[in-house]
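Here is how the chains run, residue by residue.
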Amino acid sequence: MDHIELMRKAIEFKNPAYIPLELVEVPGIFGNYGLRVSEEVSLIEGTQDFDALDATFCYIYEDMGEDSEGNRLRRSEWGFVEKVPIGGKYDYLTIKNPLADWGNLKSYEFPSPSVTDEFFVGMKKAFKRYPDRFKVAYIDPGPFYTALFIIGYEKLLMSLYTDLDKVKYVFDGIIHYYIEVVKRWKDIGAHMVTFTDTFAYQRGFLFSPKLWREHFKSFYKKMFDFVHGQGMYVGLGLDGETIEIVPDLKEIGMDVFDLRQPTLMGIDNLAKICGGKLCVKATIDMQTTLYTGTPHDIHLEAEELVTKLGERNGGFIAMVIRESTPGYPEENVRASVEAFNHFRKRRQRMNKPDSNFRVLDHPILGKMERKEQINIYVDGKKILAYEGEPIAASLAAARIKVFRFTSTRAEPRGIFCAIGRCTDCVMTVNGEPNVRTCVTPVEAGMKIETQKGLGRWQKKI
Ligand code: FES
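Residues numbered from 1 in each chain as written. Predicted model: local features only at pLDDT ≥ 70, side-chain atom pairs only at ≥ 80, totals over all residues.

### Overview of the overall build of the protein chain
Within the protein chain, the secondary structure is distributed over 15 helices and 24 strands. Relative to its length of 461 residues, the protein chain is compact, with a C-alpha radius of gyration of 25 Å against a globular reference of 23 Å. Here the C-alpha coordinates of the protein chain stretch approximately 80 × 45 × 40 Å along the principal axes. Counting all 461 residues of the protein chain, 38% fall into the buried class. In the protein chain, the proportion of contacts linking residues at least 24 apart, taken out of those at least 6 apart, comes to 65%. (Helix = DSSP H or I, 4+ residues; strand = E, 2+ residues; numbered from the N terminus. Rg over C-alpha atoms; globule rule 2.2 N^0.38 Å. Buried ≥ 20, exposed ≤ 12 C-beta atoms within 10 Å, placed from the backbone. Contact = placed C-beta atoms within 7 Å.)

### Describing helix 3 (residues 143-151)
In terms of residue burial, helix 3 counts as a mostly covered element, since eight of its nine residues are buried. Regarding helix 3, the residues found buried are Pro143, Phe144, Thr146, Ala147, Leu148, Phe149, Ile150 and Ile151. Where helix 3 is buried, its residues meet strand 6 (93-96), helix 4 (153-162), helix 5 (164-187), strand 8 (192-198) and helix 7 (217-229). Of the residues one or two after helix 3, Gly152 is the one with positive phi, at around 100 degrees.

### Considering the pairing of strand 11 (residues 233-239)
The two faces of a sheet get side chains in turn, since along a regular strand they alternate between them. Counted residue by residue, strand 11 has five buried out of seven residues, so it is predominantly covered. Pairing of strand 8 with strand 11, which is carried by seven bridges, proceeds in the parallel orientation. Residue pairing across strands places Val193 opposite Val234, the latter belonging to strand 11. (Pairing = 2+ DSSP bridges.)

### A few points about the packing of helix 12 (residues 295-309) against helix 13 (residues 330-344)
Following both chains from N to C, one finds helix 12 and helix 13 inclined at 35 degrees, their axes separated by 9 Å at the closest point. Where helix 12 crosses over helix 13, the two elements pack in a sense that is right-handed. The segment helix 12 lies against helix 13, with Pro295, Ile298, His299, Ala302, Glu303 and Val306 engaging Glu331, Asn332, Ala335, Ser336, Ala339, Phe340, Phe343 and Arg344. (Axes fitted to C-alpha atoms, helices over the stretch in contact; angles between N-to-C directions. Left-handed = near helix turned anticlockwise from the far one by under 90°.)

### Overview of helix 13
Spanning 15 residues, helix 13 covers 21 Å between terminal C-alpha atoms, matching the ideal 21 Å at 1.5 Å per step. All buried positions along helix 13 are accounted for by Asn332, Val333, Ala335, Ser336, Val337, Ala339, Phe340, Phe343 and Arg344. (Expected span 1.5 Å × (residues − 1).)

### Side note on the domain arrangement of the protein chain
Parsing the protein chain into structural domains produces domain 1 (3-348) and domain 2 (354-452). Each of domain 1 and domain 2 has a C-alpha centre, and these two points are 40 Å apart. Counting from both sides, the interface comprises 10 residues of domain 1 and, opposite them, nine residues of domain 2. Listing elements by their share of the side of domain 1 that touches domain 2, those giving two or more residues are helix 10 (267-274) and helix 12. (Domains from an automatic or database assignment.)

### Observations concerning the packing of helix 3 against helix 5
The contact between helix 3 and helix 5 brings their axes to 10 Å, and the two run at 125 degrees. As far as their axial angle goes, helix 5 and helix 3 are oblique. Helix-helix and strand crossings are classified by hand; for helix 3 and helix 5 the assignment is right-handed. Along its contact with helix 3, which presents Pro143, Thr146, Ala147, Ile150 and Ile151, the element helix 5 presents Val167, Val170, Phe171, Ile174, Ile175 and Tyr178. Residues belonging to the contact of helix 3 with helix 5 are distributed by class as follows: 10 nonpolar, one polar and no charged. (Parallel < 35°, antiparallel > 145°, perpendicular 65-115°, else oblique. Nonpolar A, V, L, I, M, F, W, Y, C, P; charged D, E, K, R; others polar.)

### Topic: the pairing of strand 21 (residues 426-429)
Burial along strand 21 is two-sided: the face carrying Val426 and Thr428 and the face carrying Met427 and Val429 are both buried. Here strand 21 runs beside strand 22 (residues 432-436); their pairing, made up of three bridges, is antiparallel. Bridge assignment links Val426 to a residue of strand 22, and that residue is Arg436. Between strand 21 and the antiparallel strand that follows it, strand 22, lie two residues; Asn430 among them carries a positive phi value of about 50 degrees. Two strands pair when backbone bridges link them, and strand 21 and strand 23 (residues 447-449) are joined in this way by two bridges, in the antiparallel orientation. Bridge pairing in strand 23 places Thr428 opposite Glu449.

### What to know about the sheet that holds strand 23
Strand order in the open sheet formed by five strands is 18-17-23-21-22, and the pairing between neighbours is mixed. Looking along the sheet, the strands with just one partner apiece sit at the ends: strand 18 (381-386) and strand 22. Direction aside, neighbouring strands of the sheet carry axes that sit 40 degrees apart on average.

### Comments concerning the nonpolar core
One finds Ala147, Val193, Phe257, Val280 and Phe316 to be the most contacted residues of the largest nonpolar core, which totals 90 residues. Broken down by element, the residue count for this core peaks at eight residues, all from helix 5. Those residues in contact with Ala147, other than ones at most four positions away along the chain, are Leu156, Val167, Val170, Phe171 and Ile174. Residues Ile391, Ala396, Cys425 and Val442 belong to the second largest nonpolar core, which totals 20 residues. (Core = buried A, V, L, I, M, F, W, Y, C linked by C-beta atoms within 7 Å.)

Right under this line is the structure:
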């Protein structure tokens with residue numbers, strides 16, 4: 001399998017053979033989460049055939065020794081200082097923001113991108129271990145996060161309304177630096193650059209979306225245009241509830257919406273806004289289901305993600321956390337691998353001989369009468385069918401459960417009554433919408449499409 005091509009097809013809605021799997025934390029993570037040597041990274045059971053890997057550029061830190069209590073201190077290339085608690089691995093506290101006082105702005109020096117050179121020498125080596133995989137390069141934290149650390153949280157939010165020009169000046173310097181980082185990712189072979197950023201908390205925006213549109217959207221467009229100009233895809237991972245600006249982000253070139261908390265915005269909402277138009281990449285929700293759910297909950301969420309986001313000729317990439325950090329139950333991590341592996345290859349199984357999915361010998365009805373095998377086409381994919389059986393039966397045997405999406409809420413529907421009464425199973429058949437597939441027999445060469453809303457007539461009557 002060409003893993004790189006598979007990812008491209010998923011992003012571009014070009015009917016990938018199956019839904020790709022991306023691993024978080026391979027080949028190693030850097031920066032404020034610590035450096036892991038890529039040779040030491042092992043793969044958990046079931047992920048060996050992963051399609052994409054993650055690599056993260058964070059900050060370049062200078063060690064500043066310890067404070068009087070033994071906590072480790074470090075300074076980033078931007079000049080903010082962090083305290084890492086004794087024994088801490090993932091925790092840190094910013095204790096000094098260089099632009100907490102705007103009086104320092106004149107003398108503030110933006111870092112030179114050359115400080116990143118050593119990082120990229122190491123990452124180039126790590127990339128070489130996986131020559132055939134799609135490489136997703138993260139810039140995490142992204143520009144807004146970095147501005148928060150340089151200026152300070154409260155000061156930045158206040159300054160958006162009192163000293164906006166100064167904030168934009170700092171933002172411009174950050175974007176300039178990250179564009180240089182993008183070039184370096186390109187040089188070592190990345191296929192996509194994903195920025196991880198924040199404009200929101202769990203319940204909504206930290207500031208007005210109107211302000212973001214008027215003053216910051218253009219900065220992101222500049223970055224996205226640059227990434228595209230380098231021949232790479234653009235991803236954006238946002239913390240918090242930001243669904244309101246997803247159409248803006250798509251408009252300025254975001255190719256993949258990267259989510260670690262898919263249930264926060266609601267999988268149905270995501271399907272409505274992104275389904276069939278914008279590729280979503282998601283883990284099982286890292287703050288709820290993966291952390292406190294059961295393996296059964298994880299299975300259900302994986303199925304919902306795949307069904308609602310990934311069954312329209314692409315548009316979904318499954319992501320798993322490689323190991324149980326920071327504190328995810330191991331059985332849940334394993335369950336997320338198993339569930340995604342089960343559902344993401346469902347479409348691929350459609351192409352195999354279907355005997356596994358048919359009841360060939362029923363205890364009451366007896367043996368299935370063998371009829372002539374024919375081919376039908378479902379959303380362009382060839383499916384094996386038996387002449388005369390209902391379309392819905394052929395689809396069920398191919399493990400296709402979603403037949404249509406409702407008109408107002410874009411919810412998936414499939415077989416319900418199975419006797420031609422409820423209309424839940426209607427599809428567009430040979431250009432004719434609203435055909436009840438549970439009572440319509442298949443014919444050789446039939447073209448069947450998942451119906452959106454009320455469907456559209458494609459043939460003359
Ligand atoms: S499933 Fe009810 S009409 Fe087909």
